[in-house]
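What the coordinates show
Listed here are the chains, written in short residue letters.
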Amino acid sequence: QVQLVESGGGLVQAGGSLKLSCVASGSIFSILAMGWYRQAPGKQREFVARLSPDGLKTYADSVKGRFTISRDNAKNTVYLQMNNLKPGDTSVYYCSGGRTWSPDYWGQGTQVTVSS
């Protein structure tokens, strides 16, 4: 079983930046595809970004050019650097991990609020 713990959320003004972190327990982090999803109030959870074990990155169109996903296998950590944040980015952000593209594991979420 893998446990994921996010951190780094908070309140930021539009145009600002935040960096989310997600630390994974266990010894299989390096073989997992890691990702970030988000869910705004009253909306379904949506895909944000994903990073494969071999470095392939994919992004939702809404965040391309503004968000960057990265990982440090030595620290069992995946990051999401978020720049030029917009009020529409306000959501709870969830870290995910999986042996395939479909997540097997989820974190508890971290709140990101962007004020206008």
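Residues numbered from 1 in each chain as written. Predicted model: local features only at pLDDT ≥ 70, side-chain atom pairs only at ≥ 80, totals over all residues. Heavy atoms only, no water.

Section: the side chain of T77
Tracing the sequence through the fold places T77 in strand 8 (residues 77-82). Given a relative accessible area of 6%, T77 falls into the buried group. Among the polar contacts made by the side chain of T77, one reaches the main-chain carbonyl oxygen of K75 at a distance of 2.7 Å. The residues contacting T77, other than those within four sequence positions of it, are S21, C22, V23, F29, S70, R71 and D72. (Helix = DSSP H or I, 4+ residues; strand = E, 2+ residues; numbered from the N terminus. Buried < 20%, exposed > 50% of the residue type's maximum accessible area, 1.4 Å probe, protein only. Polar contact = N/O pair within 3.5 Å; in protein donor to acceptor, adjacent residues only side chain to side chain. Contact = heavy atoms within 4.5 Å.)

Overview of the state of the cysteines
A covalent bond bridging the sulfur atoms of two cysteines is what the word disulfide describes. In this structure the tally under the stated criterion is one disulfide. Two residues share a disulfide in this structure: C22 and C95, whose sulfurs sit 2.1 Å from each other. The disulfide joining C22 to C95 has a torsion of about -80 degrees about its S-S bond and is therefore left-handed. Residue C22 is located in strand 3 (residues 18-24), and its partner C95 is located in strand 9 (residues 91-98); the two are separated by 73 residues in the primary sequence. (Disulfide = S-S within 2.5 Å.)

Considering the packing of aromatic side chains
Applying the stated criterion across every chain yields a total of two aromatic pairs. A ring pair is formed by Y37 and F47, whose centres lie 5.7 Å apart and whose planes are at 75 degrees; its orientation type is edge-to-face. With a gap of 10 residues between them, Y37 in strand 4 (residues 33-39) and F47 in strand 5 (residues 46-51) connect regions that are remote in the sequence. With a centroid separation of 5.0 Å and 65 degrees between ring planes, the pair formed by Y37 and W106 is classed as edge-to-face. Here Y37 is found in strand 4, whereas its partner W106 is found in strand 10 (residues 105-106), with 69 residues between them in sequence. For Y37, a relative accessible area of 12% translates into the label buried. For the cation-ring pair, R45 lies above W106, with the distance from its terminal atom to the ring centre recorded as 4.6 Å. (Phe/Tyr/Trp six-rings, centres within 6.5 Å; stacked < 30°, edge-to-face > 60°. Lys NZ or Arg CZ within 6 Å of the ring centre and 35° of its normal.)

Points about the pattern of salt bridges
The final tally for this structure, using the stated rule, is four salt bridges. For D89, the salt bridge goes to R66, with nearest N and O atoms at 2.7 Å. Of the two residues, D89 is situated in the loop between strand 8 and strand 9 and R66 in the loop between strand 6 (57-59) and strand 7 (67-72); the sequence distance between them amounts to 23 residues. Relative accessible area serves as the criterion here: at 2%, D89 is assigned to the buried category. Three or more residues joined by partner-sharing salt bridges are found here, namely R38, E46, R66 and D89. (Salt bridge = Lys/Arg side-chain N within 4 Å of Asp/Glu carboxyl O.)

Remember that the coordinates give geometry; whether it matters functionally is a separate question.
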